[in-house]
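# Tertiary structure, described
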Amino acid sequence: MKLLALDTSTECCSVALLSADVLTLRETLTERGHADLVLPFVDALLTEAGLALGDLDGLAFGRGPGAFTGLRIAAGVVQGLAYSAGLRVVPVSSLAAVAACVPAAAGETVLVCNDARMGELYWGHYVLGTDGAVIALGAERVGPPDSVIALSEARHAAGNGLARHAGLRTALLVQGLRVHEGLYPRADAVVRLGAAGFVAGLSVGPEEALPIYVRDKVAAVRAATVTPLQ
């Protein structure tokens, strides 16, 4: 399978290409400039692999939750690419992409807490399956740190929100969870989860490649229609 994936939901801007079981990645940490970086990353990866956009089997992207501007960038870019090349798309949870990066055993549960600004966190629980599968346990949520509940079976915690909320991090350590620092939703995880999604029949047309904000009320105020890049 030849699959291109991107994630701009946090300060980690990344693009990955999976081709013939070879995975290549471009990434950078930056608070701004994702819109200026993502397409050059795409072009560089395709050029290095000797591929055109039309040679791909599909696309995947981190659909959120995450930064509103970042999610709109990812959705707009992937829609534009998909429309131009007639490709289908797999939307991938950006929280699940963090869980996929945790060095945990199959069957273990990971709590992911990503920064949602406004003193809140996006969070959810995920079970790591065999062959790199990531299975959500319940809905993804947003709320203040004291709303985060670690399931009794959770063994790991990760996400960029933990370093920004030291009290929650300490509480999770006291509960016996192993905290993994410095993990972001990255396109290499998105591309692997996206490939599994294609096999499972979860791809959608470009018009359905939409961001998932979770914080719906704020998104409704600030939201605009995602405009595909032509």
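Let us look at the structure shown here. (Residues numbered from 1 in each chain as written. Predicted model: local features only at pLDDT ≥ 70, side-chain atom pairs only at ≥ 80, totals over all residues. Heavy atoms only, no water.)

## Some words on the state of the cysteines
- Applying the stated rule across the entire model yields zero disulfides.
- In this structure C12 is a free cysteine whose sulfur lies 7.5 Å from that of C13, the closest cysteine sulfur available.
- Among the residues examined, C12 registers a relative accessible area of 1% and is labelled buried. (Disulfide = S-S within 2.5 Å. Buried < 20%, exposed > 50% of the residue type's maximum accessible area, 1.4 Å probe, protein only.)

## A few points about the nonpolar core
- Formed by 33 residues in total, the largest nonpolar core has its most connected members in A60, A99, V112, Y126 and V134.
- Counting residues per element, this core draws most heavily on helix α5 (residues 187-199), at seven residues. (Core = buried A, V, L, I, M, F, W, Y, C linked by side-chain atoms within 4.5 Å. Helix = DSSP H or I, 4+ residues; strand = E, 2+ residues; numbered from the N terminus.)

## Points about the environment of M1
- Within the secondary structure, M1 is located in the segment before β1 (2-7).
- Take M1: its relative accessible area is 43%, and that puts it in the partly exposed class.
- Placed 59 residues apart in sequence, M1 and A60 show a C-alpha to C-alpha distance of 12 Å.
- Setting aside anything within four residues of it in sequence, one finds M1 in contact with L18, S19, A20, D57, A195 and F198. (Contact = heavy atoms within 4.5 Å.)

## A word on the sheet that holds strand β9 (residues 154-158)
- An order of β8-β7-β6-β9-β10 is seen for the five strands of this open sheet, with the pairing classed as mixed. The open sheet terminates on both sides in strands that have one partner only, identified here as β8 (134-143) and β10 (178-180). For this sheet the average axis-to-axis angle between neighbouring strands, irrespective of direction, equals 20°.
- As paired strands, strand β6 (residues 109-115) and β9 are joined by four bridges and run parallel to one another. Opposite V112, over in β9, you have A158 as the bridge partner. (Pairing = 2+ DSSP bridges. Axes fitted to C-alpha atoms, helices over the stretch in contact; angles between N-to-C directions.)

By themselves, these are just geometric observations and shouldn't be taken as functional.
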